[in-house]
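Fold and geometry: a report
Next come the chains, spelled out residue by residue.
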Amino acid sequence: MSTAEFDMKLFPEKPFSFIVHLFDQVLLGRTDDESEYSKLLQALDKDMVLEGHFFDGKQELFVTREDGQLVAYEPIIVEATEDAESTIIQRSYELERAPYNIEGAGKTRYTQLTVLERISYEDDLAYVERTMLFSLEKGDVQ
């Protein structure tokens, strides 16, 4: 996969979700959450981001620090194909109550992370060819 110097123009279209590792904390949120989004912008401005995942249901942009600067990898896209050699499945994972995922009264802010997986087949064996973060959800876990 190719990399390029990070630029905020590479972000998915708003609204998008993010999971970002800073030097001292993890940011978990969406652009429609003004508080968390402003923390993200401030961390980018102060060059405090170690790595981040930015995703909108259509693509995932992965950014990491290499040789002291942020670089962005080619976006991950998992979409349906007409190829009988692969299948797209959606999986949802319950998020734990953790310091980076708590709001007032100790409630969990985000309860679920959904991913898309492209399952491919070779010699009657199935394997995950590609995984993409899809959405970050609030509310009750099903």
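Before reading on, note that the structure itself is shown above.
Now for a quick tour of the structure. Quick caveat, the model's predicted, so the values are computed rather than measured.

1. A closer look at the overall build of the protein chain
Along the backbone of the protein chain there are one helix and nine strands. For the protein chain, the sequential pattern of α-helices and β-strands runs β-β-β-α-β-β-β-β-β-β. Along the first, second and third principal axes, the C-alpha set of the protein chain runs to 50 × 40 × 25 Å. Burial analysis of the protein chain (142 residues in total) assigns 38% to the buried set. Partitioning the contacts of the protein chain with sequence separation of at least 6, the portion at a separation of at least 24 is 53%. Summing over all exposed atoms, the protein chain offers an accessible surface of approximately 8,800 Å²; the carbon and sulfur share of this is 46%.

2. Concerning the pairing of strand β9 (residues 125-137)
As defined by bridge partners, strand β8 (residues 112-122) adjoins β9 across eleven bridges and the pair is classed as antiparallel. Residue Leu113 lies in a different strand from β9, and its bridge partner there is Leu136. Hairpin connection between β8 and β9: a loop of two residues separates the two successive antiparallel strands, and Asp123 in this loop has a positive phi of roughly 50°.

3. Structural notes on the environment of Ala4
Examined against the element boundaries, Ala4 turns out to sit in strand β1 (residues 3-5). Judged by its relative accessible area of 40%, Ala4 is partly exposed. Sequence spacing of Ala4 and Ser135 is 131 residues, and the spatial spacing of their C-alpha atoms is 24 Å. With sequence-adjacent residues up to four places away left out, Ala4 is seen in contact with Val71 and Ala72.

4. Examining the sheet that holds β8
An order of β7-β8-β9 is seen for the three strands of this open sheet, with the pairing classed as antiparallel. The two strands at the open ends of the sheet, each matched to only one other strand, are β7 (86-94) and β9. Taking each pair of neighbouring strands and ignoring which way they run, the sheet shows an average axis angle of 25°.

5. Side note on the sheet that holds strand β6 (residues 69-73)
Taking strand neighbours across the sheet as the criterion, the six strands line up as β1-β6-β5-β4-β2-β3 in an open arrangement whose pairing is antiparallel. A strand with exactly one partner marks an edge of an open sheet, and here the two such strands are β1 and β3 (26-30). Recorded for the sheet is a direction-independent mean angle of 20° between the axes of neighbouring strands. Here strand β2 (residues 17-22) runs beside strand β4 (residues 49-55); their pairing, made up of six bridges, is antiparallel.

6. Considering the packing of aromatic side chains
The final tally for this structure, using the stated rule, is six aromatic pairs. With centroids separated by 6.3 Å and ring planes inclined at 85°, the aromatic side chains of Phe16 and Tyr37 adopt a geometry described as edge-to-face. Placement of the pair is Phe16 in the loop between β1 and β2 and Tyr37 in helix α1 (residues 34-45), with a sequence separation of 21 residues. Assessed through its relative accessible area of 3%, Phe16 is described here as buried. Residue Tyr37 is classed as buried on the basis of its relative accessible area, which comes to 10%. These aromatic residues form a ring-pair network of at least three members: Phe6, Phe11, Phe16, Tyr37 and Phe54.

So, how was this worked out
Residues numbered from 1 in each chain as written. Predicted model: local features only at pLDDT ≥ 70, side-chain atom pairs only at ≥ 80, totals over all residues. Heavy atoms only, no water. Helix = DSSP H or I, 4+ residues; strand = E, 2+ residues; numbered from the N terminus. Buried < 20%, exposed > 50% of the residue type's maximum accessible area, 1.4 Å probe, protein only. Contact = heavy atoms within 4.5 Å. Areas by Shrake-Rupley, 256 points an atom, 1.4 Å probe, with all protein chains shown as cover. Pairing = 2+ DSSP bridges. Axes fitted to C-alpha atoms, helices over the stretch in contact; angles between N-to-C directions. Phe/Tyr/Trp six-rings, centres within 6.5 Å; stacked < 30°, edge-to-face > 60°.

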